[in-house]
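Listed below, chain by chain, are the residues.
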Amino acid sequence: MSSRIALAAAALAGCCVFFDAPRLKHVLADDQTLFLRGAELIRHSGLLYREFWDVKPPGIFLLYLAGGSIFGFTDLGIRLMEMAILTGFAVLSFLWLGPRIGYRAAWLGAVLVIPFYNSLSVDPDLGTVEGLACLPVAMAALGLLKPRSNWRLIAAGAGVGFLLLLKLFYGLVAVGFWAVFLIMDRESARSLRTWIILLISAATPIAATVAWFAVQGTLPDLIDAVFRVPYEARNAIDPMMRIGALPEGLHHFLSGTSALWLLLLPAGWAVREKRHERRIWMPVAFLCVWMVTGAIAIVVQFQSWWEYHWLLILPPVALLAGFGLDWAIFQIVRGSTARRWIAGLILLLAAFRTIGVARSFAVDMFTDREMADNRLYRDIRRDEARQVQCGPSDTAFVWMSPMTPRFSNCRLASAIEGDNMTVLPASVYRRVRADIEKSSPRYIYVSNRDLVRKAPWPNFESKFPGVLAGYDVVYHGVWGTWFQKRK
């Protein structure tokens with residue numbers, strides 16, 4: 001690697017750190033707290049899916065375990081892990097895309113990712129699977145580009161394995177990449193050795209994870225949580241009940257990235273004029289397939305459709321936008337008069353649409369830690385500190401609030417207490433009820449949203465009839481209600 005490219009990579013990493021630094025002060029919300037607590041359980045030799053249960057595949061808990069081991073099992077440590085992954089993605093994309101689409105275009109695209117990632121995300125959206133998947137997805141695709149080496153093929157295969165551990169639906173993205181590879185590089189794709197390397201490196205992280213669960217004796221628990229429960233959950237609630245969330249999430253993503261979509265116009269212009277340069281076709285195809293298959297993977301998750309799921313396809317949009325930005329700047333400097341006007345107009349409109357991103361960055365930059373320690377975090381911590389007085393033998397059952405146990409000294413009455421449990425099948429509710437009856441917890445905490453839900457959404461009492469009959473309300477907070485067992 002030449003000194004100029006190394007210097008550009010270092011400058012890119014510095015820009016990524018600068019744009020992401022304001023988010024380091026933000027605390028972890030529900031999902032991230034759930035992942036962190038699962039990672040801490042593994043750290044202390046606990047049994048995932050038996051002593052701590054959630055429907056998420058193991059990849060995100062193992063990722064948080066790695067991040068916590070390196071940076072610390074704290075809010076700051078997890079934010080640093082997220083920064084490292086995003087920065088690593090940007091530098092990798094720059095180095096591996098540069099020889100194909102141009103180093104300047106690759107640099108510009110990579111540097112756009114983090115500002116838009118942060119502007120699209122409120123606190124609960126950060127540190128989720130969708131955003132952290134950018135690095136393994138980039139490995140899975142860009143490792144197949146030329147100049148292709150054994151190490152890049154291993155990285156490409158391993159990226160696929162990591163993706164499947166993060167979320168099974170992301171296998172659709174990997175299939176798309178391999179289809180492009182088969183179609184556009186037939187000579188290399190016919191090599192048996194190439195496919196042996198890809199398949200073995202993809203299978204290795206999955207096989208290692210399965211073997212780890214098997215050694216612990218929790219392989220049935222893994223299969224139950226990742227396969228059986230999601231299959232049963234398909235009929236727990238009509239997925240069309242959440243159909244409105246799909247266009248809302250898409251609108252949020254498209255409006256938040258409108259500047260990038262404007263820059264796709266000169267990107268298409270550049271691809272058309274460089275269509276005789278075969279080196280650009282495969283990377284552009286990979287980025288387009290990433291967007292299409294990623295969108296499909298989002299849509300088929302019928303009972304989800306959260307806004308942050310669309311972060312999965314932000315990186316390819318930003319990288320293609322960088323290609324367009326580079327081309328538009330070139331036209332302004334060296335193009336004809338007509339091209340200068342067109343390119344200038346596109347850049348002006350894109351700059352105008354970036355005002356919201358800049359404002360979001362400025363707000364984060366000048367917000368102190370106390371303000372970033374949002375109201376949800378403060379209220380839950382206050383509720384725990386003032387309302388829960390558990391003795392050594394007391395247990396508490398917490399429903400739909402992973403943050404609450406983080407500040408409580410009570411032992412949990414059940415391993416099941418995640419964030420969005422309304423879409424789970426009856427078998428999970430039966431297990432929870434059995435846990436409650438066995439433990440007879442002194443306290444029960446229920447998220448207020450699950451107390452006041454109305455049909456057709458089931459609320460806590462409809463799922464667990466009679467459980468609260470022996471309890472009285474001792475505190476009704478902003479986010480949840482504490483019940484105490486009658487003496």
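Before reading further, recall that the structure is shown in the block above.
Residues numbered from 1 in each chain as written. Predicted model: local features only at pLDDT ≥ 70, side-chain atom pairs only at ≥ 80, totals over all residues. Heavy atoms only, no water.

A. Region of interest: the overall build of the protein. When helices and strands are counted, the protein shows 23 helices and 5 strands. Compactness check: the protein gives a C-alpha radius of gyration of 24 Å against a globular reference of 23 Å for 487 residues, within 12% of the reference. By the burial criterion, 55% of the 487 residues in the protein qualify as buried. A fraction of 74% describes how many contacts in the protein between residues 6 or more apart in sequence connect residues 24 or more apart. (Helix = DSSP H or I, 4+ residues; strand = E, 2+ residues; numbered from the N terminus. Rg over C-alpha atoms; globule rule 2.2 N^0.38 Å. Buried < 20%, exposed > 50% of the residue type's maximum accessible area, 1.4 Å probe, protein only. Contact = heavy atoms within 4.5 Å.)

B. Examining the environment of Leu153 more closely. Relative to the helices and strands, Leu153 resides in helix α8 (residues 150-166). Sequence separation between Leu153 and Leu142 is 11 residues; the distance between their C-alpha atoms is 9.4 Å. Setting aside residues up to four positions removed in sequence, Leu153 forms contacts with Gly143, Leu144, Arg148, Thr194, Ile197, Leu198 and Ser201.

C. Local environment of the layout of surface pockets. Taken as a whole, the second largest pocket encloses approximately 390 Å³ of empty space. As for the second largest pocket, its lining consists of 19 residues, and the residues nearest its centre are Arg37, Glu51, Leu412, Ser414 and Ala415. Of all the elements in the fold, those that place two or more residues in the lining of the second largest pocket are α2 (30-43), β2 (411-412) and α21 (426-439). The greatest single-element share of the lining of the second largest pocket, amounting to 4 residues, is contributed by α2. Looking at the lining of the second largest pocket, its residues break down into 8 nonpolar, 3 polar and 8 charged. (1 Å grid on protein atoms, 1.4 Å probe; cavity = no way out; pocket = protein on both sides within 12 Å on 5 of 7 lines; lining within 4 Å. Points joined across faces, edges and corners; volume = space filled by probe spheres on them. Nonpolar A, V, L, I, M, F, W, Y, C, P; charged D, E, K, R; others polar.)

D. Expanded view of the environment of Phe89. One can find Phe89 in helix α4 (residues 75-101). Residues Phe89 and Pro136, 47 residues apart in the sequence, show an inter-C-alpha distance of 8.4 Å. What Phe89 contacts, discounting residues up to four positions off in sequence, is Val113, Cys134, Leu135, Ala138, Trp290, Pro315 and Leu319.

E. Inspection of the packing of aromatic side chains at higher detail. For the structure on display, the rule yields 26 aromatic pairs. Members of the aromatic cluster, connected to one another through ring pairs, are Phe35, Tyr49, Phe52, Phe61, Tyr64, Trp212 and Phe213. (Phe/Tyr/Trp six-rings, centres within 6.5 Å; stacked < 30°, edge-to-face > 60°.)

F. Main features of the sheet that holds β2. Across the sheet, 5 strands lie side by side as β2-β1-β3-β5-β4; this open sheet has mixed pairing. At either margin of the open sheet sits one strand with a lone partner, and together these are β2 and β4 (471-476). Relative to strand β3 (residues 443-447), strand β1 (residues 395-399) is paired through 4 bridges, and the arrangement is parallel. Following the sheet pairing, Trp399 is matched in β3 by Val446. (Pairing = 2+ DSSP bridges.)

G. The arrangement of helix α12 (residues 219-233) in detail. Along its 15 residues, α12 runs 20 Å from first to last C-alpha, staying within 8% of the 21 Å computed at 1.5 Å per residue. Of all the bends in α12, the largest measures some 35° and sits at Ala225. Inspection of α12 places Asp221, Leu222, Ala225, Val226, Val229 and Ala233 among the buried residues, and these make up the whole buried set. Residues of α12 that are buried sit in contact with α3 (58-71), α11 (192-216) and α21. (Expected span 1.5 Å × (residues − 1). Bend = angle between axes of the 7 residues up to and from the residue.)

H. Representation of the state of the cysteines. Under the criterion given, the structure shown has 1 disulfide. Across a sulfur-sulfur distance of 1.6 Å, Cys390 and Cys410 are joined as a disulfide pair. The sign of the 85° torsion about the S-S bond sets the Cys390-Cys410 disulfide as right-handed. Of the two residues, Cys390 sits in the loop between α20 (375-387) and β1 while Cys410 sits in the loop between β1 and β2, which places them 20 residues apart along the sequence. As a non-bridged cysteine, Cys16 has Cys15 as the owner of its nearest cysteine sulfur, 7.0 Å distant. The class of Cys16 is buried, set by a relative accessible area of 1%. Free of any disulfide, Cys134 has its nearest cysteine sulfur in Cys16, 10 Å distant. For Cys134, a relative accessible area of 3% corresponds to the buried category. (Disulfide = S-S within 2.5 Å.)

I. Region of the structure containing empty space enclosed by the protein. Using the criterion set out here, one finds 3 cavities of 30 Å³ or more in the structure. The calculated volume of the largest cavity comes to roughly 60 Å³. Taken together, Phe19, Pro22, Arg23, Ile114, Pro115, Asn118, Ser119, Val357, Ser360, Phe361 and Asp364 form the lining of the largest cavity. Among the secondary structure elements, those contributing two or more residues to the lining of the largest cavity are α5 (103-120) and α18 (355-365). Broken down by class, the residue content of the lining of the largest cavity amounts to 6 nonpolar, 3 polar and 2 charged.

J. Representation of the pattern of salt bridges within the structure. Enumeration over the complete set of coordinates arrives at 14 salt bridges. Put simply, Arg339 and Glu273 hold a salt bridge, and the shortest N to O gap is 2.4 Å. Placement of the pair is Arg339 in helix α17 (residues 337-353) and Glu273 in helix α14 (residues 258-273), with a sequence separation of 66 residues. Close ionic contact of Arg442 with Asp394 constitutes a salt bridge, the shortest N to O distance being 3.0 Å. Highlighted residues: Arg442 in the loop between α21 and β3 and Asp394 in the loop between α20 and β1, separated in sequence by 48 residues. (Salt bridge = Lys/Arg side-chain N within 4 Å of Asp/Glu carboxyl O.)

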